[in-house]
Each structure stands twice: as C-alpha cells, then as structure tokens.
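# Understanding the architecture of this molecule
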Amino acid sequence: MADVTVKELADVVGTSVERLLSQMKEAGLPQTAASQSVSDDQKQTLLLFLKKSHGESAATPNKITLKRKVTSTLKTGQGGKKAVAIEVRKKRTYVKREELDLDAENAKEEAARAETAAQAAAEATAVVTAAVVEEISAPVVEEEVSVDAEAPVAEAVITAKPAATNSKPAATNSKPAAKAKPVSVEDDVAQKRAEAEAAQARQEENRKKSNKTVDKKRVDLRENSRFTDGGEEERSRSRRGGKGKVKGGRGRQQSANEHAFTRPTAPVVHEVELPEAITVADLASKMAVKAGEVIKTLMKMGVMATINQILDQDTATLVVEEMGHKVTKLIADNALEVAVTESVSYEGEEQPRAPVVTVMGHVDHGKTSLLDYIRRTRVVSGEAGGITQHIGAYHVETDHGMVSFLDTPGHAAFTSMRARGAQSTDVVILVVAADDGVMPQTEEAIQHAKAADVPIVVAINKMDKESADPERVKSELSARDVLPEDWGGTVPFIPVSAHTGQGIDDLLEAVLLQAEILELKAHFTGPGQGVVVESRLDKGRGPVATLLVQNGTLKKGDIVLAGTCYGRARALLDENGQQVSDAGPSIPVEILGLNGTPEAGDNFMVVESEKKAREVAEFRENKMKELVQQRQQAAKLDALFSGMGEGQVASLNVVVKTDVRGSLEAIVASLQKLATDEVRVNVVSSGVGGITETDATLAVASGAVMFGFNVRADNAAKKVVENNGVDMRYYSVIYDLLDDVKQAMAGLLAPELREEITGVAEVRDVFNSPKFGQIAGCMVIDGVVYRHKRIRVLRNNVVVYEGELESLRRYKDDVAEVRQGMECGIGVKNYQDVRPGDQIEVFDVREIARTL
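What counts and what doesn't
- Residue indices follow the written sequence of each chain, beginning from 1 at its first position.
- Confidence filtering applies because this is a predicted model: local features only for residues at pLDDT of at least 70, side-chain atom pairs given and counted only at 80 or more, and all residues used for totals across whole chains, interfaces and linings.
- Just so you know, side-chain values use all the structure's heavy atoms and leave hydrogens and water out.
- Helix numbers and strand numbers start at the N terminus; a helix is a DSSP run of H or I with at least 4 residues, a strand a run of E with at least 2.
- Here a polar contact is recorded for every N or O atom pair within 3.5 Å, except that within protein the pair must consist of a potential hydrogen donor and a potential acceptor, and residues adjacent in sequence are included only if both atoms are side-chain atoms.
- Should any heavy atoms of two residues lie within 4.5 Å, those residues are counted as being in contact.
- We define a salt bridge as a contact between a side-chain nitrogen of Lys or Arg and a carboxyl oxygen of Asp or Glu at a distance within 4 Å.
- For each residue, the accessible area found with a 1.4 Å probe, counting protein chains only, is set against the maximum for its type, and the residue is called buried under 20%, exposed over 50%, and partly exposed in between.
- Residues qualify for a patch when their relative accessible area is over 30% and they have no salt bridge, like charges being joined within 9 Å and the nonpolar side chains of Val, Leu, Ile, Met, Phe, Trp and Tyr within 5 Å.
- For accessible areas, the Shrake-Rupley method is used with a probe of radius 1.4 Å. Any residue's cover is judged against the shown protein chains and nothing else.
- What a helix should span is 1.5 Å times the count of its residues minus one.
- DSSP-based pairing: two strands are paired if at least 2 bridges between them are found.
- The axes used here are C-alpha line fits, helices contributing only the stretch in contact, and every angle between their N-to-C directions lies in the interval 0 to 180 degrees.
- In this scheme, roughly parallel covers angles under 35 degrees and roughly antiparallel covers those over 145, while 65 to 115 is roughly perpendicular and the rest are oblique.
- Paired rings are identified among Phe, Tyr and Trp, the last through its six-membered ring, by centres lying within 6.5 Å, and are further divided according to the angle between planes into stacked (under 30 degrees), edge-to-face (over 60) and tilted (the rest).
- Crossings are classed by handedness, with left-handed meaning an anticlockwise turn of the near helix from the far one by less than a right angle and right-handed meaning a clockwise turn.
- For this classification, the nonpolar set comprises Ala, Val, Leu, Ile, Met, Phe, Trp, Tyr, Cys and Pro, the charged set comprises Asp, Glu, Lys and Arg, and every other residue, Gly included, is treated as polar.
- This arc describes the spread of directions from the helix axis toward the C-beta atoms.

Mapped onto the elements, Thr-297 comes out in helix α11 (residues 291-300). Polar contacts involving the side chain of Thr-297 include one to the main-chain carbonyl oxygen of Glu-293, which spans 2.9 Å. Not counting the four nearest positions on each side in its chain, Thr-297 is found in contact with Val-319, Glu-322 and Met-323.

Right under this line is the structure:
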C-alpha cells in the first residue's frame, strides 16, 4: 500500500489533523506536519497504541471458526410427492499466517535449548530431549483452501495442522532411543545436533511451499471470485439457494459474473454530421449522450429547450463543440436534391440542336392562322389535321432544318417559365396585324420577351389587306424600344400573310438565323432533361404533361421527376397523338404516368430510382409551401413601411390596370413624378381592361402590387392572387391611389434618427460597492433619469464616456426612474472613473418617419 500524508489519513479516519498529530506524538511517531507521509508500519504502531489506550488487548484473534447450518428439502418418490428435509452442518477454522511463523521460531528456540542441555545431560535425558525436539519441530503442512461460495470470506487464509505422517517417525524413533545402549556424551550431542539441523531444514522447505500456495490461492480468489466488502454478492447467492457456488478449478474457468464492457480510460470524441435542422433528441443520439445533457448544455448557453425542440445548424454546432465533440460535415436540406441533380452527367461533345420558338401576339392578329399555314405546308405528307391546340407544342421540318414551336395562349405558360427562371424559349415571334397596329396584348408580349431576355422577330401579318400599314407598326413598336433593322435597330421585321403565304419562308429563315447566332447546342445521349410546357388532368388517362426535351433523350419507361411530381413514363405521344419510343433535344412530347400535374415552367429530369424521385418531390413540395408563406408576407403592401433603402435606390413595383386610356396615362405619369433620389416607382405592367390571370402571374413573378382603377379581376386572376398572396387593391379616385403609393414609398425611406436628452444628474460623491464597483451619488438637476436608456458622462462639458447604466437606486431600492430634485445612486456600466463634479446625461434616440 502506498504511503499517505497525515491530512489524507485524517480525512479517511474522519478526525481533524491536529488531533491525529497529537495521537501520533503520544504513540512516539515523528510526524509533526499535515504534509508528512505515513507508512504502513507507522499506521500499525498507531493502531496498537490506540487499542492499548482504550483498554483493548493489542493481540488480535489468531483463529476464526465458522459454523454453518443449511437446511433444504429433497423431493423423492414418483412425481416428487415425498419431501425429505436435509440439514448440512459445516465447521471450518481459519488460522492467521503469523501463527505459522511463530511456531517455526518457537521450534528453533526449543532446538537450541535441547542442544545445550544435551551436552551436559546424561544419555537418558538427551534421548528424551531429542524426542521432545522431534515432537515440537514437527513440520507444518498447509491445507489447500477450497473456496466456499456460501462463506463470506474477506481474504485468503491458511489452515495449518501438524502432519501426522511426519510425526509418526518421530514417535517411532523415540521408542528405540529409550531402549538404546549407553553411548558417549559427545556422540549423542553430535547426533542430536544433526537431527535438529535436519528439522530446521524441513521447516524452511515447508515455509517456502506455504508461501507459494498462499500466493496461488490469492490469485485464484482475485480472478475467479467477485467479493464485495461485506460479502453482499455471496450472501445474495446464498439467499437464492446457493447457486453459482465456485469449487476447485471449475470455478476458476467460469467468468460469467464479470462485465464484458471495459470503461473507457479517455473521453470518447464523436464525429457528428449536422443537417440544417435537428431535434434535441436526435442530436443527443448522434453524440451518444443523454438528451438531458444536451438540454443542460443549452441552458448554460442561455437557451431553454425541450427534447423535441428543433435546433438550427449554428446552435447545434455550438452545442456539439461545447460538449467536446467534432462536427465533420454540415448537411444542407437540399443535399438529396443536389445529389440527384449532379448525378446526371453527359459524355461526348454537344451537337447543334433545333431552335424552340414561341409565337406571341394580340388576339385576332392572325397568330393561329400563321401557325396553321406553317404546319400545313411544312409537315410530312400524310399527316392530317391542323394544329392540336391542347398539346401546345409541335415541330416542323424546313429546308434549313427543324424548328419547334410552342403555343402559349394567354401567355400564362411563358410567364410562369420566366418566374421560375426556365429558359425554354430561344426566339419569340411577335405577330402584329398590319391593319390594327400595336395593341395592349402586344405590349404585354414585348414586356414578357424583354423580361426573359429572348430575341424578338416581328411578323407583320395581314399584308394582303388593303388597309395594311407596316410603317405604322414600325413606328408604334419603335416607341416601345423595338427598333427595326432598317431603322438602325436589331429586330428583324418580316411582312407576312397567313392566307397567301407571303413572307413565310423569310420568317423561318430569320428565325433560323437568330438560332445560328445563338449557337444552340445540346447532348443527344444520356438521361433526358428539359422543361414542362403545360399539364392537364385527363379523365381517361389521368395526369398528362407536355414536356420539351432540352438535353439527352427521354425514353419510354424512364422515371421522370418534374417539379413536385414524379412517375414512370408509361407512354410518350407526339403532337399527332402517335406513340413514340423516345424524344431528343428540342422535341416536344406528351407523357403519361406522373402522379400529378406539374406547373408550367418546372424542370424535369430522368432519375435512376423511383425512391429518390419520391424523396426529392416531397422535399420540393414542403419547400414550396414555405415559400408561399414567405411570399404572402413579403408581398403585403403594409410590409413595405418597414423597408429601408440604405446606400441604394429602393424600388416599388406596381401593376396598373384602368378602364380607359386617359386614366391610365394620368396615373402612370403621376406615379413617375413621385420618384426621388432614394425611392422610385417601377411600373412593371400597365394596360386598359380588367385584371386577367396574366396580370396576376406577372405581379407574382416581379413581386409587384396590383392597382385596379374602375376595373375588377376575373375568377382566374382571383385564384392566382389568393394562391400566391398578391396584394391587390381597387380604387375609384385617383388621389386615393396616389396617397397609398406615397405611404408605401415613404416606408421604403430610411427613417430619421433624432436624439432627445431626457435628464441630467450631477455627481456629488463617489462610493465603492463590492457588487457594482464605483457608485456615483448624484442629484438629478434636470428632467428624468431612466434606468434602461443610454447615458453620457460629461466632465467640464466634454463627453468622456458613452454607454449604459449598470444600476439606478434610490436609498436601497432599485428604481426605473428618478425625477428632478431627487438624490440617487448611479452605477455606470464598464466605466470606473466617475469623479465628483461630473455630469451624467441620459438621452433617447427616436426614429422619425420621413415623408415625401
């Protein structure tokens, strides 16, 4: 056992160091200080002294006898009906090892006395003495200890008894010695000396054997037995009927009672991967700790949380590092979506592809007739019918290559594509009637094309009419920043006629020329990717979606992921309703097999497994719900009052629809005059007539507020407004509209910050507080001093410190304010240089709303 200090021994014993030192001094020990060490021998000396001082015998019992009586019942006979009581009595005596050594020392002393007596004694006396020596010096044999699981054993002991086998020869030798003939004293003494030496040698050999046996038994007991201090486990086994008793070598081989788990010697550091949001329970599971430990750590950080509360990624990172673990990777919520998107790869070089053209224009300007003529003259012979309007997409072969056309009635699909950032259209054909000129829907088409940053080719239709005036069309479009090439612009103007076919070839050549300038290319091998043109729910076939392939090849049987919908392509149909096996880039195709109708403009792609497609679709659906809620809040006109434009010009987007052209011009001109250096009004779209679905979709795409002057929205527009949370307002007085716009623009202005001094206190004296440091005893000489407002310390009317109050007291009470003419104690936070004569100025900063 290692040495301990006096102080440690006093803590173990449960007494004071001074008392223990006084007792050690009385016992004759040299220790005089608490830091001195105490050896095991000194502990024994102190123990013997204390026992003697208390009147107890210093000697400890040398033998312990244990008696046990165990009663059990044995069932005999057929079926165990007869019970026989069995009583087992056991008795065992244990002797301390020190007694064996004492016997050996006594034997040596007796042998020495016998040798001395033999030199002077007579023959008969020598013989008797030798017999006595033989009897006393009989060797001790140590009995092997058998561990009884029922006996409460604290340590291994040795039971010693005289060896009968060695004592018999001594008795046998004593008989002939009594009858021996007289011999000389010298010979007899030599003989007895040799016998005494032999007895001493046998004792030494037996002692070595006993040491080996004891060491072996102690090792066996330590390895194969698990004893508590009071034998609790063994007694519990005894109460269970004595099962698990260890006997001999069999008990040494069994180790079922030992734990297989080894306690770690050092803290275990776990590597944790954190998503963007995680519950407290999941975070605790990743670190292999209890949830209570995580909650305790959060409370230390000032966060009150429950086991099911969701933590953000930053908070979870701080908790993991605070608990000693390591964050290896931060997982984004869209990790699966990004992984699926990045898994699509293409090999080889890109090849030129056909352009995708969208035909737009005002109603009755000949857009449908123009498409009919192109389809009727350019389609392969044998195909019947005109344009299939419900499909909305088709492709034709020309002398210069293939061209794919998108039919977007009402422009809803095109606007939705722009709102989602989908660049599905390469060229826009703007159809304008030569006899009608630019109309409101024509202006809307121009706005859509510019917003999507798509080149425009103007087709001046109805040139076969006598009232056709192409110069008027050019003039009106030039006023709207669409300049023809012959006027120095970049937009080609092609005169055409859908009835006579005039200029159709020139129109197609102009479109293909624009496509050649754009250098359109795509991969023709690999999984298909593209955009959704439109979708609908068919009563007989279920969800039907029209897809435009932009990269790779879409095949029948592929698993398609389109926006929030997914499914296996059960069938592919072309614009004529005929089934096809695949579709390459720039080819529109109808697909059957999706689980829903995706939105126009959603991207689609072919994925490997349906499981991944389902997971990504569900994630997108949940994300869309969150975006709708955020958009509803952001698009509110009232929320614009809290907006601030610092360092840049703020912009308020509006969509205006009026009943007559005069009112529209007046409103737009008035709105533009409201612009200042910090905020301006951006009229995204304006027109005459009711609010349509196109207007509502445009407002959603640009984040604009809709104003209706003496007009109302139709049912389709109301549905878009409700689903997307667009702020739409009706007016009948122009000044009410302008006032609301002014308020909204004022909300975008940065507020004016103005300081107001609420009170001044003069420092009369300074005191020191153990809790707050310096406390200034003050008299309020002006206004009111508030506890939670900012302050300045003035010395000789010069500001020396600006900060906050640590405390504000009147007498011993904390107060929120102290008025003029009253005394108070003020503690300035983080400032300990307040001097008598200083002034403490309390001020408040207010935001003053600015107006135009």
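Another point: the pattern of salt bridges. Inspection of every chain in the model, using the stated rule, returns 23 salt bridges. Its salt-bridge partner being Arg-353, residue Asp-426 comes within 3.0 Å of it at the nearest N-O pair. Highlighted residues: Asp-426 in the loop between α15 (412-419) and β15 (427-433) and Arg-353 in the loop between β11 (351-352) and β12 (356-361), separated in sequence by 73 residues. In this structure, Asp-426 and Arg-353 share a single accessibility class: buried. The closest approach of N and O atoms between Arg-795 and Asp-833, which form a salt bridge, is 3.7 Å. Of this pair, Arg-795 sits in strand β33 (residues 790-795) while Asp-833 is found in the loop between β37 (823-828) and β38 (839-848), placing the two residues 38 residues apart along the sequence. On the basis of relative accessibility, which here comes to 17%, the residue Arg-795 falls in the buried class. One salt-bridge network, in which partners are shared between bridges, spans Glu-755, Arg-790, Arg-792, Glu-802, Glu-804 and Glu-841.

The next subject is a nonpolar patch on the surface. Among the surface-exposed residues, Leu-74, Val-84, Ile-86 and Val-88 lie close enough to one another that they form a single nonpolar patch of about 260 Å² accessible area. If you tally residues by element for the nonpolar patch, the top one is strand β4 (residues 82-95), at three residues. Here Leu-74 shows up in strand β3 (residues 63-76).

Counted at 1.5 Å a residue, the expected span for helix α16 (residues 440-451) with its 12 residues is 16 Å, and the 17 Å between its end C-alpha atoms agrees. Residues Gln-441, Thr-442, Glu-443, Glu-444, Ala-445, Ile-446, His-448 and Ala-449 constitute the buried set of α16.

The strands making up a sheet are joined through hydrogen bonds of the backbone, oriented either antiparallel or parallel. One open sheet accounts for four strands, arranged β28-β27-β29-β30; its pairing is parallel. Strands with a single pairing partner mark the edges of an open sheet, and in this sheet they are β28 (679-688) and β30 (728-731). Taking each pair of neighbouring strands and ignoring which way they run, the sheet shows an average axis angle of 25 degrees. Relative to strand β29 (residues 705-709), strand β27 (residues 650-658) runs parallel, the two being bridged by five bridges. Along β29, the bridge assignment pairs Thr-658 with Phe-709.

A word on the side chain of Thr-425. With respect to the helices and strands, the residue Thr-425 is situated in the loop between α15 and β15. Given the relative accessible area of 6%, Thr-425 is considered buried. Polar side-chain contacts of Thr-425 include one of 2.9 Å to the side chain of Thr-358.

Let us now look at the pairing of strand β23 (residues 565-573). Of all the nine residues making up β23, seven are buried; the element is thus mostly covered by neighbouring parts of the structure. As judged from the four bridges shared by strand β22 (residues 559-562) and β23, these two strands associate in the antiparallel manner. Along β23, the bridge assignment pairs Leu-561 with Tyr-566. Two successive antiparallel strands, β22 and β23, enclose a turn made up of two residues, where Gly-563 displays a positive phi of approximately 60 degrees.

When two helices pack together, their arrangement is captured by the angle between the axes and the distance separating the axes. Contact geometry of helix α1 (residues 6-13) with helix α2 (residues 17-26) gives a least axis separation of 9 Å together with a crossing angle of 105 degrees. Accordingly, the angle class assigned to the pair α1 and α2 is roughly perpendicular. Between α1 and α2, the residues in contact are Val-6, Lys-7, Leu-9 and Ala-10 and Val-17, Leu-20, Leu-21 and Met-24, respectively.

With that settled, consider the packing of aromatic side chains. The final tally for this structure, using the stated rule, is two aromatic pairs. With centroids separated by 5.7 Å and ring planes inclined at 70 degrees, the aromatic side chains of Phe-707 and Tyr-731 adopt a geometry described as edge-to-face. Highlighted residues: Phe-707 in strand β29 and Tyr-731 in strand β30, separated in sequence by 24 residues. Of the residues examined, Phe-707 reaches a relative accessible area of 1% and is grouped as buried. Where Tyr-801 meets Tyr-831, the ring centres are 4.6 Å apart and the plane angle is 15 degrees; that geometry is what we call stacked. Note that Tyr-801 is positioned in strand β34 (residues 798-810) and Tyr-831 in the loop between β37 and β38, a separation of 30 residues in sequence.

Another aspect to go through is unusual backbone geometry. We note that Tyr-811 has phi near 60 degrees; this positive angle belongs to a residue other than glycine. Despite not being glycine, Asn-830 shows a phi value in the positive range, around 60 degrees. Looking at the secondary structure, you find Asn-830 in the loop between β37 and β38.

Buried residues dominate β33, accounting for five of its six residues. What sits between the antiparallel neighbours β33 and β34 is a turn of two residues, in which Asn-796 has the positive phi angle 60 degrees. Across five bridges, β33 lies against β38 in antiparallel orientation. Its bridge partner being in β38, Leu-794 is matched across the sheet by Gln-839.

The subject of this paragraph is the packing of α16 against helix α21 (residues 693-702). Packing of α16 against α21 leaves a shortest axis separation of 12 Å and a crossing angle of 25 degrees. In this view, α16 runs roughly parallel relative to α21, as classed from their interaxial angle. You can see that α16 and α21 cross each other, and the crossing is left-handed. Residues Glu-444, Gln-447 and His-448 of α16 form the contact with α21, whose own contacting residues are Thr-694, Asp-695 and Leu-698. Of the residues belonging to the contact of α16 with α21, the class tally is one nonpolar, three polar and two charged.

A few words now on the environment of Val-432. Structurally, Val-432 can be placed in strand β15. For the pair Val-432 and His-362, spaced 70 residues apart in sequence, the C-alpha separation works out to 7.1 Å. Apart from residues lying up to four places away in sequence, Val-432 is in contact with His-365, Gly-437, Val-438, Thr-442, Val-458, Ala-459, Ile-460, Asn-461, Val-473 and Leu-477.

Okay, the environment of Asp-844 next. In this fold, Asp-844 is placed in strand β38. Once you skip the residues sitting within four places of it in the chain, Asp-844 turns out to touch Arg-754, Glu-755, Glu-756, Thr-758 and Lys-789. Here Lys-789 takes part through its side chain, which lies 3.3 Å from a polar atom of the side chain of Asp-844.

This paragraph deals with helix α3 (residues 40-53). Across its 14 residues, α3 extends 20 Å between first and last C-alpha, which sits within 8% of the 20 Å expected from 1.5 Å per residue. Taken together, the buried positions of α3 are Gln-42, Lys-43 and Leu-46. For α3, the arc enclosing every buried residue in end-on projection is 105 degrees, short of the 170-degree limit, so these residues lie on one face. Turned more than 90 degrees away from the buried face of α3 sit Asp-41 and Lys-52, all of them exposed. Where the residues of α3 are buried, they touch β1 (4-5), α2 and β2 (37-38).

With that out of the way, let us pick up the sheet that holds strand β25 (residues 588-594). Judged by pairing direction, the barrel is antiparallel, and its six strands sit side by side in the order β19-β20-β25-β23-β22-β26 before closing back on the first. Averaged over all pairs of adjacent strands, the angle between their axes in this sheet comes to 45 degrees, without regard to strand direction. With three bridges joining them, strand β19 (residues 529-538) and strand β26 (residues 603-607) adopt antiparallel strand pairing. The residue of β26 that forms the bridge with Gly-530 is Phe-604.

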